[in-house]
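Summary of the model geometry
What follows is each chain in one-letter form.
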Amino acid sequence: MDPLEEPKGLGRRRQQRGSRDVFGRFSEGFARAMGTSGFIIGMTVFVVAWLGWNDLAPVSVQFDPRAQNFTLLTLILSLQASYAAPLILLAQNRQDDRDRVQVEQDRQQAQRGLDDTEYLAREIVALRLLVRDMASKDFVRSELRSLLEELDRRDADRTTAREPDALERP
């Protein structure tokens, strides 16, 4: 993309965010690697080899002699610890941020589920009220029977009312 097509400060922010993200991913990888059994075993082998070489090798080839209390090894391990602690904290902070986002998304999903459940409960109540107002099959049958009986009665009344007329005509 042509740099003249962007506002002046936009490119720098994107690079800073990208480099911050790269450093954050590096710190997470570093913290993840330091938390493995392979790292512990590797460090143990390194320190044992260091101590063995500087204790058992001839004094002329020792680079961190025992007589000086392994000063160089102490400095290396202190340097590693001084860098490891902040990197581990940075990785934990990034994980906390991801966890916070995940918790918020879970909360929103639970709220949507609760809203859906409440909506469905209201719909069920509305349907129950409608069903309660609807006529049952037995009610409809009894109403039809009573209407049929009333029609039969009217028909019988008409028939009896016509019979005297039929007798008078011939």
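First, a word on what this report is: a plain description of the structure on this page. Keep in mind it's a predicted model, so treat the numbers as computed, not measured. (Residues numbered from 1 in each chain as written. Predicted model: local features only at pLDDT ≥ 70, side-chain atom pairs only at ≥ 80, totals over all residues. Heavy atoms only, no water.)

1. Description of a nonpolar patch on the surface
We apply this condition: In this analysis, a patch consists of residues with relative accessible area above 30% that form no salt bridge, clustered at 9 Å for like charges and at 5 Å for the nonpolar side chains Val, Leu, Ile, Met, Phe, Trp and Tyr. Per-residue and other accessible areas follow the Shrake-Rupley method at a 1.4 Å probe size, with only the shown protein chains counted as cover for residues. One speaks of a salt bridge when a side-chain nitrogen belonging to Lys or Arg is within 4 Å of a carboxyl oxygen belonging to Asp or Glu. A run of DSSP states H or I qualifies as a helix once it reaches four residues; a run of E qualifies as a strand once it reaches two. Both are numbered from the N-terminal end.
Taken together, the side chains of Phe46, Trp53, Val61, Phe63, Leu72, Leu75 and Ile76 present a nonpolar region at the surface, about 630 Å² in accessible area. Counting only elements with at least two residues in the nonpolar patch, the list comes to helix H2 (37-56) and helix H3 (71-133). At three residues, H3 tops the list of elements feeding residues into the nonpolar patch. Its place among the elements puts Phe46 in helix H2.

2. Digging into H2
Test applied: A helix is expected to span 1.5 Å for every residue after the first. Note on exposure labels: buried denotes an accessible area under 20% of the residue type's maximum, exposed denotes more than 50%, and partly exposed covers the range between, all computed with a 1.4 Å probe on protein chains only. Think of the arc as the fan of directions from the helix axis to the C-beta atoms. Contacts between residues were defined by any pair of non-hydrogen atoms, one from each residue, lying within 4.5 Å.
Between its first and last C-alpha atoms H2 spans 28 Å; for 20 residues at 1.5 Å apiece the expected length is 28 Å, and the two agree. Along H2, the residues classified as buried are Val47, Trp50 and Asn54. Take H2 and look down its axis: the buried residues cluster within an arc of 60 degrees, on one side only. Projecting away from the buried face of H2 at angles above 90 degrees are the exposed residues Ser37, Ile41, Val45, Val48 and Leu56. The inward-facing, buried residues of H2 abut H3.

3. Quick word on the packing of aromatic side chains
Selection rule: Each pair of aromatic rings taken from Phe, Tyr and Trp, with Trp reduced to its six-membered ring, is defined by centres within 6.5 Å and is described as stacked if the planes are under 30 degrees apart, edge-to-face if over 60, and tilted in the remaining cases.
One pass over the full model with this rule turns up four aromatic pairs. The interplanar angle of 35 degrees and the centroid separation of 6.3 Å between the aromatic rings of Phe23 and Phe26 together place this pair among those described as tilted. In this pair, Phe23 and Phe26 both sit in helix H1 (residues 10-34), three residues apart, roughly one turn of the helix. On the basis of relative accessibility, which here comes to 44%, the residue Phe23 falls in the partly exposed class. Taken together, a centroid distance of 5.6 Å and an interplanar angle of 55 degrees make the contact between Phe46 and Trp50 tilted. Of this pair, Phe46 and Trp50 both sit in helix H2, four residues apart, which is roughly one turn of that helix. A relative accessible area of 36% places Phe46 in the partly exposed class. Trp50 sits in the buried class, given a relative accessible area of 9%. Taken together through their ring pairs, the aromatic side chains of Phe23, Phe26 and Phe30 make up a single cluster.

4. Considering the environment of Asp97
For clarity, the cut-off: Pairs of N or O atoms are called polar contacts if they sit within 3.5 Å, as long as, within protein, a hydrogen donor faces a hydrogen acceptor (for residues adjacent in sequence, only side-chain-to-side-chain pairs).
Following the sequence through the fold, Asp97 ends up in helix H3. A relative accessible area of 41% places Asp97 in the partly exposed class. Here Arg100 takes part through its side chain, which lies 2.8 Å from a polar atom of the side chain of Asp97.

5. A word on the pattern of salt bridges
All told, the structure shown has eight salt bridges when counted by the stated rule. Residue Asp21 is joined to Arg94 by a salt bridge in which the shortest nitrogen-to-oxygen separation is 3.4 Å. Of this pair, Asp21 sits in helix H1 while Arg94 sits in helix H3; the two residues are 73 residues apart in sequence, bridging distant segments of the chain. Using a relative accessible area of 32% as the deciding quantity, one classes Asp21 as partly exposed. With a closest N to O distance of 2.8 Å, Arg107 and Glu104 form a salt bridge. Linking Arg107 with Glu104, this pair stays in helix H3, spanning three residues, or about one helical turn.

6. Some details on H3
Between the first and last C-alpha of H3 there are 92 Å, a value that for 63 residues agrees with the 93 Å anticipated at 1.5 Å per step. Of all the residues in H3, the buried ones are Leu73, Ala84, Leu87, Ala91 and Arg94.

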